[in-house]
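# Residue-level structural notes
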Amino acid sequence: MSHIVRGRDGVYRWSYELNLYKNPTILILLMKIFGFILFGIWLFVTMLSIFENRFVTDDILEFTGIFIAFSLGFSLFVAFGYFVYAMIMGGKYCVLFEMDENGVNHIQMPRQVKKAEMIGALATLAGAAAGNYTAMGAGILTALRKSMYSDFSKVKSVEVYPDRELIKVNELLGKNQVYAAKEDFDFVRDYIVSKCVNAKIFVNGKRFEKSIEE
């Protein structure tokens, strides 16, 4: 059964609860971000030292070994911080999505919003064009924390990960993460791919030249 609602304004909307313990997507993203930062620091210090003729090969190897040990320790610290965050969030990351022919919007919900309330918000949003807001729906809309919008015409690549129910929509300076339940995943995937005409398509890290169905 599909959980996607199409409003009077023609916009598709659905809710998703990401299990922060079972789905490692956010943890992987954090590791990548800090990994790139640490690598950048290592590269900068190494190049600066070589330029100033302060390091020889043995010194570089010793410094690299120390830096690797530090990076491993820091990774454990990031992982610990992530699980603390997961506990604070009640193990769930709650999000609403809005999608039309122009783009997709990822809207983070407050921690206290439950799935039943999210479903109620969908009905409210679906009637937004007619201005039919209920008190509950208006309260949820006011409580929305933040959102990230991706314009399909500016998307450079789309990465599809069916096992994680994840579709990454990547622009030059922005990377949006779109989630959809198993029963809705194929529809959301096909819709996004069909609209991102300038994007390269990847499925589980493998490049597809024309269509993800090939």
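Scroll up to find the structure this text is about.
Here is a short report on the structure shown in this document. (Residues numbered from 1 in each chain as written. Predicted model: local features only at pLDDT ≥ 70, side-chain atom pairs only at ≥ 80, totals over all residues. Heavy atoms only, no water.)

## Considering the sheet that holds strand E8 (residues 175-179)
The cut-off we apply is this: Two strands qualify as a pair provided that DSSP identifies no fewer than 2 bridges between them. Each helix is a run of DSSP H or I of at least 4 residues and each strand a run of E of at least 2, with the numbering of both proceeding from the N terminus. In this analysis, axes come from line fits to C-alpha atoms, helices being fitted only over the stretch in contact, and the angle between any two N-to-C directions falls in the range 0 to 180 degrees. When checking whether two residues touch, look at their non-hydrogen atoms; a contact exists if any pair is within 4.5 Å.
An order of E8-E7-E6-E9-E10 is seen for the five strands of this open sheet, with the pairing classed as mixed. In this open sheet, the two strands that pair with only one neighbour each are E8 and strand E10 (206-208). Looking at each pair of strands side by side, their axes are set apart by 25 degrees on average, direction ignored. With five bridges connecting them, strand E7 (residues 166-170) and E8 associate as antiparallel partners. For Ile-167, the partnering residue across the bridge sits in E8 and is Val-178. Against the sheet, helix H1 (residues 25-51) engages E7 and E8, with an angle of about 165 degrees to E8.

## A few points about the nonpolar core
For clarity, the cut-off: As used here, the term nonpolar core means buried Ala, Val, Leu, Ile, Met, Phe, Trp, Tyr and Cys residues forming a set that is joined through side-chain atoms within 4.5 Å. Only protein chains enter the accessibility calculation, which uses a 1.4 Å probe. A residue is then buried if its area is under 20% of the maximum for its type, exposed if over 50%, and partly exposed in between.
Residues Trp-14, Val-158, Val-178, Val-188 and Ile-192 are the most contacted members of the largest nonpolar core, which totals 37 residues. The greatest single-element share of this core, amounting to five residues, is contributed by helix H5 (residues 182-195). Setting aside residues up to four positions removed in sequence, Val-188 forms contacts with Ile-4, Trp-14, Met-99, Ile-167, Val-178 and Ala-180.

These results come straight from atomic positions and should not be treated as a statement about function.
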